[in-house]
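Here's the letter readout for the chains.
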Amino acid sequence: MRLRHRVWGDKIIEEHPELVITREQLDSQILTDFLAKDNLVLEIGSGKGDFAIQMAKKYPEWNFVGVEMNEMALAITLKKLVNEELKNILMINCDVNRLFELLPSHRFERIFLNFSDPWPKKRQHKRRLTYPTFLTQYERLLVKGGYLAFKTDNDELFKDSCEYLKASNFETITIDYNYDGHEIVDAQTEYETKFRKQQIKIKRFVVRSK
Ligand SMILES: C[S@@+](CC[C@H](N)C(=O)[O-])C[C@H]1O[C@@H](n2cnc3c(N)ncnc32)[C@H](O)[C@@H]1O
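Residues numbered from 1 in each chain as written. Predicted model: local features only at pLDDT ≥ 70, side-chain atom pairs only at ≥ 80, totals over all residues. Heavy atoms only, no water.

Chemist: Provide a residue-level description of the packing of aromatic side chains, including the pertinent values.
Modeler: Per the counting criterion, the structure on display carries 14 aromatic pairs. Ring geometry for F150 and F205: centres 5.2 Å apart, planes at 50°, overall tilted. With a gap of 55 residues between them, F150 in strand β6 (residues 142-152) and F205 in strand β8 (residues 203-208) connect regions that are remote in the sequence. Of the two residues examined, F150 and F205, each falls in the buried class. It is R127 that lies over the ring of W119; its NZ or CZ is 4.5 Å from the centre. Note that R204 overlies the ring of Y179, its terminal NZ or CZ placed 4.6 Å from the centroid. (Phe/Tyr/Trp six-rings, centres within 6.5 Å; stacked < 30°, edge-to-face > 60°. Helix = DSSP H or I, 4+ residues; strand = E, 2+ residues; numbered from the N terminus. Buried < 20%, exposed > 50% of the residue type's maximum accessible area, 1.4 Å probe, protein only. Lys NZ or Arg CZ within 6 Å of the ring centre and 35° of its normal.)

Here it is as structure tokens:
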């Protein structure tokens, strides 16, 4: 069963080099060309792709880069994406840590982190996508005045992430401990749908690069 899934995932990824860059293809011209476009937007940990696809449709003027290291999640995203005929989205199947050096400085208008893994143990905190080393990368990637938006169900991760922010140069726009999901520049993710059904409060911050 597992093998069948892998074969299916590998096949759809292989068949769509115009929609997905694999970790072996990070030097591809498709990626270079996409990153040279204006209005770049980044989502890290895009999961099964609902947010990326909704936002790329909603904002056709954006060029949306989605990064997801899990191959099956990426394959599921692709399955949804192939019928959409969107030209303003490119998915990348790798750990974002491998990608940072390829991403141009001060070119991204927005960065989205949605329901990032909480990494609860202290020794794992450095892997959190809101950890200070990541915030430093986001400051480098964002244009002046560019936005970083983070949503989570996890109280501990949210509390710690607000602390990490204090030590950064970001300017706080919103901190919401019970986000109603009605912000215009946003879309619901797979995890968000699940947590909202369970009536778990969604926490969200939006900050701006100075
Ligand atoms: C909890 S899931 C949330 C998925 C989706 N954003 C949502 O809200 O439904 C977190 C996702 O982030 C991905 N992820 C975690 N760390 C990552 C990294 N360093 N680079 C790329 N993807 C990462 C995981 O593979 C996973 O699919």
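Chemist: For the site of the ligand, give the residues involved together with the corresponding values.
Modeler: Taken together, 15 residues surround the ligand, and among them G45, E68, N114, T189 and Y191 come closest. Within the contact set of the ligand, a nitrogen atom lies 2.8 Å away from a backbone nitrogen or oxygen of G45. M69 is positioned with one of its backbone polar atoms (N or O) 3.3 Å from a nitrogen atom of the ligand. Its free accessible area being 600 Å², the ligand has 91% of it covered by the protein chains. Here the shell around the ligand is built from residues that sort into six nonpolar, five polar and four charged. (Near = heavy atom within 4 Å. Polar contact = N/O pair within 3.5 Å; in protein donor to acceptor, adjacent residues only side chain to side chain. Areas by Shrake-Rupley, 256 points an atom, 1.4 Å probe, with all protein chains shown as cover. Nonpolar A, V, L, I, M, F, W, Y, C, P; charged D, E, K, R; others polar.)

Chemist: With reference to specific residues and values, describe the side chain of T130.
Modeler: Structurally, T130 is set in the loop between β5 (108-114) and α6 (132-141). A polar atom in the side chain of T130 sits 2.7 Å from the side chain of S161. Once residues lying within four places of it in the same chain are set aside, the contact partners of T130 are L113, L135, F150, L157, S161 and Y164. (Contact = heavy atoms within 4.5 Å.)

Chemist: Please set out the nonpolar core residue by residue, giving values where relevant.
Modeler: With 36 residues, the main nonpolar core has L42, F108, I111, Y138 and L148 as its most contacted residues. Ranked by the residues each element gives to this core, the list is headed by helix α7 (residues 155-166), at five residues. With residues near it in sequence (within four places) discarded, Y138 still touches I44, F100, I111, L113, L129, L148 and F170. Counting 25 residues, the second largest nonpolar core, distinct from the first, contains V20, F64, M91 and F112. (Core = buried A, V, L, I, M, F, W, Y, C linked by side-chain atoms within 4.5 Å.)

Chemist: Outline the pairing of strand β4 (residues 89-93), supporting the account with residue identities and numerical values.
Modeler: Counting buried positions along β4 gives five out of five residues, so the element sits mostly inside the fold. Of the two faces of β4, the one carrying I89, M91 and N93 and the one carrying L90 and I92 are both buried. Inspection of the sheet shows strand β1 (residues 20-22) paired to β4 by three bridges, in the parallel sense. When the bridges of β4 are listed, T22 appears paired with N93. Regarding the hand of the β-α-β motif, the stretch spanning strand β3 (residues 63-67), helix α4 (residues 71-81) and β4 is right-handed. (Pairing = 2+ DSSP bridges. Right-handed = clockwise from strand over helix to strand, strands pointing away.)

Chemist: Go over the pattern of salt bridges, please, and point to the residues and values.
Modeler: According to the stated counting rule, one finds 15 salt bridges in the structure shown. K159 serves as the salt-bridge partner of E156, at 3.7 Å between the closest nitrogen and oxygen. One end of the pair, E156, and the other, K159, are both in helix α7, three residues apart, so they sit about a helical turn from each other. Of the charged contacts, one joins R208 and E171 as a salt bridge, the two residues approaching to 3.3 Å between their closest N and O atoms. Placement of the pair is R208 in strand β8 and E171 in strand β7 (residues 171-176), with a sequence separation of 37 residues. A residue is classified by how much of its surface remains accessible, and E171, at 32% relative accessible area, is partly exposed. In the salt-bridge network here, residues are joined through shared partners; they are K151, D186, E192, R196 and R204. (Salt bridge = Lys/Arg side-chain N within 4 Å of Asp/Glu carboxyl O.)

Chemist: An account of the environment of S168 is requested, with residue identities and associated values reported.
Modeler: Here S168 shows up in the loop between α7 and β7. Apart from the residues within four sequence positions on either side, S168 is in contact with L135 and E139. In terms of polar contacts, S168 uses its side chain to reach the backbone amide nitrogen of F170, at 3.1 Å.

Chemist: Describe in detail the sheet that holds β8, supporting the description with residues and values.
Modeler: With mixed pairing, eight strands are arranged side by side in an open sheet as β1-β4-β3-β2-β5-β6-β8-β7. Each edge of the open sheet is held by one strand with a lone partner, namely β1 and β7. Geometrically, the sheet is characterised by an average inter-axis angle of 15° between neighbouring strands, direction not taken into account. As judged from the five bridges shared by strand β2 (residues 40-44) and β3, these two strands associate in the parallel manner. Across the sheet, the residue bridging to V41 is F64, located in β3. This element, α4, spans β1 and β4 of the sheet and lies at about 160° to β4. (Axes fitted to C-alpha atoms, helices over the stretch in contact; angles between N-to-C directions.)

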